[in-house]
Amino acid sequence: MGRPARAPRVVVASDSFKGSLTSLEVGDAVRLGLLDVAPHAEVVVVPVADGGEGTVAAAVATGWHAVPVPVHGPTGAPVSATLVVRGTTALVEMADACGLGRLPDAVPAPLTASSRGLGEAIRGALDLGAAEIVVGVGGSASTDGGAGMLAALGARLLDADGVDLPDGGAALARLAHLDLSGLDPRLAGTRLVMAADVDSPLLGPTGAAEVFAPQKGATASDVTLLEAALAHWADVVESHPDVPTSTNRSLQVRAAGVPAVTYWSMGGRMPGAGAAGGVGFALLAVLGAEHCSGIDLVLDLVGLDAAMAAVPDPGGPGTGPKCADLVITGEGSLDAQTLTGKAVKGVAQRAAGHGIPAVAVCGCLDLDSTSLAAIGIRRAYPLSDLEPDRGRSIRSAASLLRLTAERIAVDWLSHPPG
């Protein structure tokens with residue numbers, strides 16, 4: 001009598017469905033649906049994020065130590081954020097400290113919201129003696145060029161009368177002097193890594209104000225004001241003698257006859273400067289941070305490759321190793337942004353590297369099969385197929401995901417398509 005067919009092994013690695021379910025909640029709903037149809041399946045849930053909301057939660061779920069830290073939210077209200085530590089490495093998340101989810105009553109503040117809370121979280125990591133600080137910058141509520149973050153770390157931004165500027169991107173238009181002499185000296189001996197999948201420049205039609213400020217509540221006139229304020233901010237930073245990195249670049253650019261502000265709009269020369277409302281600019285140009293892919297960092301952090309890779313087959317010696325039979329990823333909306341490096345694309349590419357098919361769950365689908373195939377997704381399963389009303393779909397996401405996972409189990413765990 002032959003050995004019974006082994007149980008299928010599935011890895012579920014979905015981003016959160018923002019405004020509805022966390023990454024772990026998505027994974028749990030999918031797990032239950034798979035087991036409804038294939039009760040003997042081995043289902044491994046791996047929480048993932050792309051450097052934005054959920055990054056700290058993913059780290060905690062994989063054994064990092066959580067440390068509460070008091071910070072100011074995007075509009076100045078005190079909040080308790082969380083940083084996570086493993087060894088001498090700390091990870092801070094902008095979304096948790098001062099992101100969109102921290103806006104009181106969810107009311108946008110596009111001109112006055114600040115990145116100050118992120119700087120306070122970084123200072124908290126310094127207080128713990130971190131030798132390396134990873135900064136996840138997705139989900140920001142502000143467009144202040146990272147000025148608030150620098151102020152929290154000891155910089156002073158002064159107007160023409162020598163008075164400290166208020167927080168927020170709009171105030172940068174009145175900046176007369178930047179004093180970096182008070183920056184926390186511990187930064188000089190600390191490796192900073194910015195985790196972001198945004199390569200946008202600070203300025204211009206693909207920059208922080210033009211592209212991202214409207215998502216934070218900015219009107220057309222607000223965008224014009226913020227663009228001008230960020231251009232002035234870039235000019236002041238670029239010419240500052242205590243910013244050797246940008247000063248050296250300034251000399252090269254001036255030698256080529258390119259105006260300083262124009263230089264900062266040349267995003268190919270500094271990819272990521274426009275991340276998180278320009279926080280990327282301050283991290284890269286002023287603090288000398290390294291730029292890495294947010295999703296790649298998180299996938300390494302949570303051990304996705306290990307979860308997908310071949311493991312000993314419980315059938316016994318000689319039966320060979322088994323890797324996952326299927327990877328299920330997902331996010332709230334599969335759209336054009338998915339193609340630029342969000343969690344779904346990252347997970348699908350890792351699955352392809354192991355020769356494992358990947359499918360996706362989502363709230364709504366705005367990509368055709370060709371676009372999905374280009375990022376390694378064999379098929380997408382939108383909840384809108386079951387519930388076209390967006391509001392009801394969001395409210396019932398967990399139950400809809402469970403039903404969707406039952407469909408996936410029938411399609412892929414019994415008779416996988418070729």
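Residues numbered from 1 in each chain as written. Predicted model: local features only at pLDDT ≥ 70, side-chain atom pairs only at ≥ 80, totals over all residues. Heavy atoms only, no water.

Going by what an unreviewed UniProt entry lists, the protein is known as Glycerate kinase and is assigned to Ornithinibacter aureus.

S.K.: Would you take a moment to explain the overall build of the protein for this structure?
M.R.: Of the regular secondary structure elements, the protein holds 16 helices and 15 strands. Looking at the protein as a whole, 52% of its 418 residues qualify as buried. Once local pairs closer than 6 in sequence are excluded, the contacts in the protein between residues at least 24 apart make up 70%. In the form shown here, the protein has an accessible surface area of approximately 17,100 Å², with 55% of it arising from carbon and sulfur atoms. (Helix = DSSP H or I, 4+ residues; strand = E, 2+ residues; numbered from the N terminus. Buried < 20%, exposed > 50% of the residue type's maximum accessible area, 1.4 Å probe, protein only. Contact = heavy atoms within 4.5 Å. Areas by Shrake-Rupley, 256 points an atom, 1.4 Å probe, with all protein chains shown as cover.)

S.K.: Teacher, can you tell me more about the pattern of salt bridges here?
M.R.: Should their charged atoms come close, side chains of opposite charge can pair. Enumeration according to the criterion identifies 15 salt bridges in this entry. Between aspartate 167 and arginine 116 there is a salt bridge, with its nearest N and O atoms 2.9 Å apart. Separated by 51 residues along the polypeptide, aspartate 167 in the loop between β7 (156-158) and β8 (177-179) and arginine 116 in helix α4 (residues 116-127) bring together distant segments of the chain. Classification of arginine 116 by relative accessible area gives partly exposed; the value is 24%. (Salt bridge = Lys/Arg side-chain N within 4 Å of Asp/Glu carboxyl O.)

S.K.: Is there a simple way to explain the pairing of strand β13 (residues 326-334) in this structure?
M.R.: The side chains of a regular strand alternate between both faces of the sheet. Within β13, 7 of the 9 residues are buried, which leaves the element mostly enclosed by the surrounding structure. Here 3 bridges tie strand β1 (residues 9-12) to β13, and the two strands are oriented parallel to one another. Its bridge partner being in β13, valine 11 is matched across the sheet by valine 327. As paired elements, β13 and strand β14 (residues 358-365) share 7 bridges and run parallel to each other. (Pairing = 2+ DSSP bridges.)

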